Each structure stands twice: as structure tokens, then as C-alpha cells.
Amino acid sequence: MDLQVLRSFQAVAEGLTVTEAAAEARITQPALSRALRRLEEEVGAELLQRVGRGLRPTPAGRVFKEYVDAALDSYDRGRRAVAEVVDPDAGVVSLAFLHTLGTWLVPRLVTGFRKALPQVRFELHQHEENGLVQHLLDATADLMITSGDPGHPLITWRRLLVEPLWLAVPTGHRLAQRRRVRLAEVAEEPFILLKPGYGLRSVTETLCRQAGFAPLVGFEGEEVHTLRGLVAAGLGVSLIPSSPDAAATPDFPIRYLEITDVHGARDIGIAWLTGRTLPPVSRRFIDHALKETTAAGDRW
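Residues numbered from 1 in each chain as written. Predicted model: local features only at pLDDT ≥ 70, side-chain atom pairs only at ≥ 80, totals over all residues. Heavy atoms only, no water.

Overview of the packing of helix α1 (residues 3-13) against helix α3 (residues 29-43)
Here is the rule we go by: Orientation is described by lines fitted to C-alpha atoms, with helices fitted over the stretch in contact, and by angles between N-to-C directions that extend from 0 to 180 degrees. In DSSP terms, a helix is any run of H or I states spanning at least four residues, a strand is any run of E spanning at least two, and both are numbered starting from the N terminus. In these notes the angle categories are as follows: under 35 degrees is roughly parallel, over 145 is roughly antiparallel, 65 to 115 is roughly perpendicular, and the rest is oblique. Contacts are residue-level and defined by heavy atoms, with any inter-residue pair within 4.5 Å sufficient.
Interaxial distance between α1 and α3 falls to 10 Å at its minimum, and their mutual angle equals 95 degrees. Of the possible angle classes, the one that applies to α1 and α3 is roughly perpendicular. For the pair formed by α1 and α3, the contact residues are Val-5, Leu-6, Ser-8 and Phe-9 on the first element and Leu-32, Ala-35, Leu-36 and Leu-39 on the second.

As C-alpha cells, then:
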């Protein structure tokens, strides 16, 4: 069996059609179908079965895929390690990060890193907190930048900075002309929150509890961008990250107010699998991120 057949099996087992997997492998669909049948003959078990219009892994296929994933990951990391021995100033940084950090922190860190090492490439993955952890556990990313320590026994996390959180209110809100407020002043108003399981949801609930109340859930979303839109529509208030001098726009008529009765902020950090040997270029990126955010301090 060759590596491309294993990659195609992996792709089909993860949901691609044989036609799509064949296109990725740049072979014909009949040729890939024959290769997958030969793979099953070599393994000695049916690995894929038809369900509806697609193929899904059998119980044997699910077991086999775990070893295929590990083998391909090991091979890819080996190639990267060799490439970095040949050229230590090149390589690939596989980085997963929280959606909200893709507009400011990640671009700054990547740009600064590539100024020193212009040949380095980045594989970038955006996700919410739980998805980021899974990227590390599945070895589809070497590093992640997220809010708060995930508290996972297999993951090492280091704080990069503390990001302020602001009370977002619509421009027509009774507090909109203020610059600073106590969080307790909106205790009776509906809150627009991320769904349970998101880090920002937990932070919001904790801060509200510290201010002496439990937030009244008005609406729940899956992205901060959605929260901003719902606030702008006058459907409630929300604790979200933003610049203190962010101006309201026609699309987002929002005012961001500083909170004075509790410490409105969340930790942002970088993490990796504790027991995994990282490629040298990824280790260098960790050092870069820690150094740059420490040096910048509040300017971030």
C-alpha cells in the first residue's frame, strides 16, 4: 500500500466522496475505487461500506483509521523535521486559533515572525475553544492560541496577554453616553451570550456572578460577530472583546463601555501537547509569541 492510498482512505473515512478524494489525489474515480479495494484485501477486512450515497467506515475501518492517522502524522512530521534540518530557517507552523483573535493578534504575531524568517509557511485553523483543543489532540495543529487555560492534562498552556472585555450596548441605550459603568447596572437586562461550552460564556457568567447577579439569557450565538450584530439590533447587552476607542458604524451602532466594579478581562495564551516533540520552527514561534507580547505589554 502507498501513502496516497492511505490518504485517500483517510479522506473518504472522514466524509469525502470517492470522486472528491480522487480529485484531490489527481487520479480517476475508478482507479481510486480499485486502490481502496486492494487496500481492504491487504488488511483482510472490509473498511468502508455504502451508507446512502456515500461511504462510511466499518467498525474495522474506524480501528484501522486510528493507525492510519498516526502513521501519516508521523510521516508528515518526519518530512518536516528533515526539511528543517536541511534548512532550519524554513518549515511550517501549524497554528489553530480562536476566531476573535484572527483580526488582530494572530496577524501581528505571524507578520513579526516572518520578518525574521520569511521562508516559514503557516497552516492556519480557526475554531472555537473546544475545537481548538481537538486540533491539538488530533495532531492537526502543533500550536493553538486561545482564551484561558484549557486545563487539559495533556496540554501545556502559557499566558501571552490579558485582553480587556467591554460592555457592548446599542447606541440608543440608556447608558450609551457613559464611558464607564458598573456591570451591576445592567443586571436586569437581557444578555447576548455565546453558547455553553465557549470560554467567553464562562468568563461572562463568572464576571456577572462577581457583580452579584446571574445574567438573563436573551439570545445565544456561536461567534462574537453574531453577538455584536444582536447588540446593534437592540436585543440586549454583551461582554465582548473590543478596542476601547472602537467607533460605532452604520452596520454596528454599538458603544463599548469600560466596566469598573469587576475586572473585565480574559487571559489569552498559547498551548501545545505536553508530550509531543514540536518541530524547531514551532518552538521558535512560541518563543517569539511570548517575547513579543511581553515586550508590548498593554499596547497589545
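Some points on the environment of Gly-221
With respect to the helices and strands, Gly-221 occurs in strand β9 (residues 216-221). For Gly-221 and Gly-275, which are 54 residues apart along the polypeptide, the C-alpha to C-alpha distance reads 35 Å. Once you skip the residues sitting within four places of it in the chain, Gly-221 turns out to touch Leu-193, Leu-194, Lys-195 and Leu-227.

Re the pairing of strand β1 (residues 48-51)
Regular strands show a simple pattern: their side chains alternate between the two faces of the sheet. What counts is decided by this rule: We treat two strands as partners when DSSP finds at least two bridges between them.
Pairing analysis gives four bridges linking β1 to strand β2 (residues 54-57), with the strands arranged antiparallel. Its bridge partner being in β2, Leu-48 is matched across the sheet by Pro-57. Following β1, the chain reverses through two residues before pairing antiparallel with β2; Gly-52 in that reversal takes a positive phi of roughly 65 degrees.

Side note on empty space enclosed by the protein
Basically, it comes down to this: Points on a 1 Å grid over protein atoms alone make up a cavity when a 1.4 Å probe fits among them but cannot get out, and a pocket when they form an open set with protein on both sides within 12 Å along at least five of seven lines; lining residues each have an atom within 4 Å of a point. Grid points are joined across faces, edges and corners, and a volume is the space filled by probe spheres set on the points. For this classification, Asp, Glu, Lys and Arg are treated as charged, while Ala, Val, Leu, Ile, Met, Phe, Trp, Tyr, Cys and Pro are nonpolar and the rest, including Gly, are polar.
One pass over the full model with this rule turns up two cavities of 30 Å³ or more. When its volume is computed, the largest cavity comes out at roughly 100 Å³. Lining the largest cavity we find 13 residues, and of these Leu-98, Thr-100, Leu-194, Tyr-198 and Val-224 sit closest to its centre. Looking at side-chain class alone, the lining of the largest cavity contains five nonpolar, three polar and five charged residues. Surrounding the second largest cavity, Ile-192, Leu-193, Leu-194, Leu-200, Arg-201, Thr-204, Leu-227, Ser-238 and Leu-239 form its lining. Mapped onto the lining of the second largest cavity, the elements with two or more residues apiece are β8 (190-194), α7 (199-210) and β10 (238-241). Looking at the lining of the second largest cavity residue by residue, the class counts come to six nonpolar, two polar and one charged.

Any functional reading would require information beyond the geometric quantities listed.
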